[in-house]
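# Chains, contacts and geometry: an overview
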Amino acid sequence: MNGKMRILKNAIYIVVIVIINILFYGIWGVNHVPAAWISYLFIHIAAALVIVAPYLAERGREVALYTVVLDMVSIVYFIAELVVGFIFIIIQPIHFRPALFSQLIMFGVALIIMLANMIANAHTAESLDKREHELVYVKESASILKSLMSRITDDGASKKVEYVYDLINSSPIKSSPAVQELERQAMSEIDRLCSVVNNGGEDMNAEIIASTDKIKDLAEERNRRLKL
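Residues numbered from 1 in each chain as written. Predicted model: local features only at pLDDT ≥ 70, side-chain atom pairs only at ≥ 80, totals over all residues. Heavy atoms only, no water.

## Some points on the packing of helix α5 (residues 155-169) against helix α7 (residues 204-227)
This is how the line gets drawn: Here the axes come from fitting lines to C-alpha atoms, over the contacting stretch only for helices, and the angles between their N-to-C directions go from 0 to 180 degrees. Secondary structure follows DSSP: runs of H or I at least 4 residues long count as helices, runs of E at least 2 residues long count as strands, and numbering of each begins at the N terminus. Each angle receives one of four descriptions, namely roughly parallel if under 35 degrees, roughly antiparallel if over 145, roughly perpendicular if within 65 to 115, and oblique otherwise. Should the near helix be turned anticlockwise from the far one by less than a right angle, the crossing is termed left-handed; should it be turned clockwise, right-handed. Throughout, a contact is declared for two residues whenever any of their heavy atoms are within 4.5 Å. Each residue is assigned to one of three groups, with Ala, Val, Leu, Ile, Met, Phe, Trp, Tyr, Cys and Pro labelled nonpolar, Asp, Glu, Lys and Arg labelled charged, and all others, Gly among them, labelled polar.
One way to put it is that α5 packs onto α7 with a least axis distance of 9 Å and a crossing angle of 20 degrees. As summarised for this structure, α5 and α7 are arranged roughly parallel, according to the angle between their axes. The chirality of how α5 crosses α7 is left-handed. In this structure, α5 uses Ala157, Lys160, Val161, Tyr163, Val164, Leu167 and Ile168 to contact α7, whose residues at the interface are Asn205, Ile208, Ile209, Thr212, Asp213, Ile215, Lys216, Ala219, Glu220 and Asn223. Across the contact of α5 with α7, the residue classes tally to 10 nonpolar, 3 polar and 4 charged.

## A word on the pattern of salt bridges
Let me state the cut-off plainly: What counts as a salt bridge is simple: a side-chain nitrogen of Lys or Arg found within 4 Å of a carboxyl oxygen of Asp or Glu. Residue exposure (1.4 Å probe, protein chains only): buried if accessible area is under 20% of the type maximum, exposed if over 50%, otherwise partly exposed.
In this structure the tally under the stated criterion is 8 salt bridges. Across the pair Arg184 and Glu181 runs a salt bridge, and its minimum N-O distance is 2.6 Å. Pair noted here: Arg184 and Glu181 are both in helix α6 (residues 180-199), with a separation of 3 residues, about one helical turn. Glu181 gets classed as partly exposed once you look at its relative accessible area, which sits at 39%. A salt bridge links Arg192 to Glu189; the shortest N-O distance between them is 2.9 Å. Residue Arg192 and its partner Glu189 are located together in helix α6, separated by 3 residues, close to a single helical turn. Arg192 sits in the partly exposed class, given a relative accessible area of 34%. On the basis of relative accessible area, Glu189 is assigned to the buried category, the value being 11%. Several salt bridges share partner residues, and in doing so they unite Lys216, Asp217 and Glu220 into one network.

## Quick look at the side chain of Asn223
Note that Asn223 resides in helix α7. Once residues within four sequence positions are removed from consideration, Asn223 is found in contact with Leu167, Ser171 and Pro172.

## Observations concerning the nonpolar core
Short version of the rule: Here the nonpolar core consists of buried residues drawn from Ala, Val, Leu, Ile, Met, Phe, Trp, Tyr and Cys, with membership extended through side-chain atoms lying within 4.5 Å.
Leu145, Leu148, Val161, Ile168, Leu193 and Ile208 are the most contacted members of the largest nonpolar core, which totals 25 residues. Counting residues per element, this core draws most heavily on α6, which supplies 7 residues. Core analysis: the second largest hydrophobic core is formed by 24 residues, Ile20, Phe24, Ile43 and Val50 among them.

## Points about α7
Helical periodicity: at 3.6 residues per turn, an α-helix aligns residues three or four positions apart in one direction. Here is the rule: Expected helix span is taken as 1.5 Å per residue step, with the number of steps being one fewer than the number of residues.
With 24 residues, α7 ought to run about 34 Å at 1.5 Å a step, and its terminal C-alpha atoms sit 34 Å apart, in line with that. Buried residues of α7: Met204, Ile208, Ser211, Thr212, Ile215, Leu218, Ala219, Arg222 and Asn223, and no others.

## Things to note about the environment of Leu167
Tracing the sequence through the fold places Leu167 in helix α5. Leu167 sits in the buried class, given a relative accessible area of 14%. Taking the C-alpha atoms as reference points, Leu167 and Val138, separated by 29 residues in sequence, lie 9.6 Å from one another. Leaving out residues up to four positions away in the same chain, Leu167 has contacts with Lys216, Ala219, Glu220 and Asn223.

## Let's talk about the packing of aromatic side chains
Stated formally: Two rings from Phe, Tyr or Trp (for Trp, the six-membered ring) form a pair when their centres sit within 6.5 Å of each other. Planes less than 30 degrees apart are called stacked, planes more than 60 degrees apart edge-to-face, and all others tilted.
Per the stated rule, a full pass over the model turns up 9 aromatic pairs. Aromatic side chains Phe24 and Tyr25 sit 5.1 Å apart centroid to centroid with 85 degrees between the ring planes, which places their arrangement in the edge-to-face category. Pairing Tyr77 with Phe107 gives two aromatic rings, centres 6.3 Å apart and planes at 50 degrees, and the pair type is tilted. Residue Tyr77 is found in helix α3 (residues 64-91), and its partner Phe107 is found in helix α4 (residues 97-149); the two are separated by 30 residues along the sequence. By relative accessible area, Tyr77 is classed as buried at 4%. Overall, the relative accessible area of 21% leaves Phe107 in the partly exposed class. An aromatic cluster is built from Phe24, Tyr25, Trp37 and Tyr40, whose rings are joined through pairwise contacts.

Dropping the structure here:
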């Protein structure tokens, strides 16, 4: 939901609350039984949940479904609360417990569903963040090595870079804490390889070969540990 639609939706709910207050005070006055005041309170709580629900979910296309679920739960709860709340406001029962317990149960059910959805949303967002982090080693490293291949004229050095490119590009994307240090060292060595190519010099090819050998050893050790 874009910003304009959200503002429009919130404005509608605010107008509904204003109408409810006009009816509550303007038509029925200020002398109400406890059950009516309890219903009045829960209606406003339901309205507040509807307004804040879209802001309780993580942002992103992959987790948009959770935002929709939060919206739907809050809207259904608001409509149900309006119906139940107005019934108690209109009939003005002497005993307040039925009004309190019925609406408290409704609120509890809605809140539990929304909290469960938020927890699932947080787990999904965390998994996506982890996935993005895991992609950095393979995608970024392979991208840098591929860009270097076209800049190296020596066949021997170029083939070394091509080999480590193929090795990393075909490596498992899924990472683990056991190989994160190896990934860090490999990426650091790739950065050093970039500096070697950028600086040039008479010893450039020898340094490229030495650097790619280190990258190869680190990448192969990473892949070996992931298979254990």
